[in-house]
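Structure at a glance
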Amino acid sequence: EPYRRQRQMCIRDSSMTTPVSSSIFVSLEPIWVFVITVLFYKEKVTWMKLLGIGLGLGGAILCIATQPGDDLASNAMAGNLICLVSSIVYAIYLVVSNRLLKGVGDMTLLKYTFLGAAVMSLIVNSIYGFEAPIMSMSLFSTPMLVLLFVLIFPTTISYMLLPVGLKYLKTTVVAIYGYLILIVATIASLALGQDRFSWTQTCAIIFICIGVY
């Protein structure tokens, strides 16, 4: 029992932010997509769209500025900033992918996407990764099964379906589906005790939802 508690504390302390907070920044992707298209592709700007961007950014700033570091988030400020950068980078990926699909096929785009990911993973693993404890665990151990789930479903299958969606939908619409992540992450993290209810997070979610709408 003491070992189990210590292990749970170590797992919690290793998280810089919480699942709900990170999902809040995922939900900002439609706003970043719009900003990118305005800056580089001359998307039409209206005062309503500017108001929406302001509300969305206000929600993000609220989440970054008010979330304290605690047993669930060891360094909430740094973790939230990393998630913010991640959402911007993914928005750039969506916009670029949408433009590339007009000139190349789905499989060609996926080939280079996964090739780039494979090369980067080898570089990172050569520095740190192969000596990780999970590499010596059984294929049917819980950590390895969780890792395989992440690699197969939210990574491989998700990225294989993304070009198909981008073919038939606007980039902003594809990004809006990220709200499903926010809903699932909120329910799952609260149920598993990986996050706790926060009025500031709730207000940030409301600001971002209204902003994207």
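Residues numbered from 1 in each chain as written. Predicted model: local features only at pLDDT ≥ 70, side-chain atom pairs only at ≥ 80, totals over all residues. Heavy atoms only, no water.

Brief notes about the packing of aromatic side chains
In total, this model carries four aromatic pairs according to the counting rule given. Each ring, one from Tyr90 and one from Tyr159, has its centre 6.4 Å from the other, and the planes form 85°; the classification is edge-to-face. You can see Tyr90 sitting in helix 5 (residues 76–100) and its partner Tyr159 sitting in helix 7 (residues 142–168), a full 69 residues away along the chain. Under the relative-accessibility criterion, Tyr159 is labelled partly exposed at 24%. Feature note: the residues Tyr90, Tyr93 and Tyr159 constitute an aromatic cluster, connected by ring pairs. (Phe/Tyr/Trp six-rings, centres within 6.5 Å; stacked < 30°, edge-to-face > 60°. Helix = DSSP H or I, 4+ residues; strand = E, 2+ residues; numbered from the N terminus. Buried < 20%, exposed > 50% of the residue type's maximum accessible area, 1.4 Å probe, protein only.)

Some details on the environment of Gln67
With respect to the element layout, Gln67 can be found in the loop between helix 4 (47–66) and helix 5. C-alpha separation for the pair Gln67 and Glu131, spaced 64 residues apart in sequence, amounts to 33 Å. Once residues lying within four places of it in the same chain are set aside, the contact partners of Gln67 are Thr17, Thr18, Ser21, Ala73, Ala76, Asn80 and Gln201. (Contact = heavy atoms within 4.5 Å.)

Description of helix 3 (residues 29–41)
Between the first and last C-alpha of helix 3 there are 17 Å, a value that for 13 residues agrees with the 18 Å anticipated at 1.5 Å per step. Those residues of helix 3 that fall on the buried side of the exposure criterion are Glu29, Pro30, Ile31, Trp32, Val33, Phe34, Ile36 and Thr37. Considering only its buried residues, helix 3 is in contact with helix 2 (19–26), helix 4, helix 5, helix 8 (171–176), helix 9 (179–192) and helix 10 (199–212). The positive-phi residue at the C-terminal boundary of helix 3 is Lys42, with phi of around 55°. (Expected span 1.5 Å × (residues − 1).)

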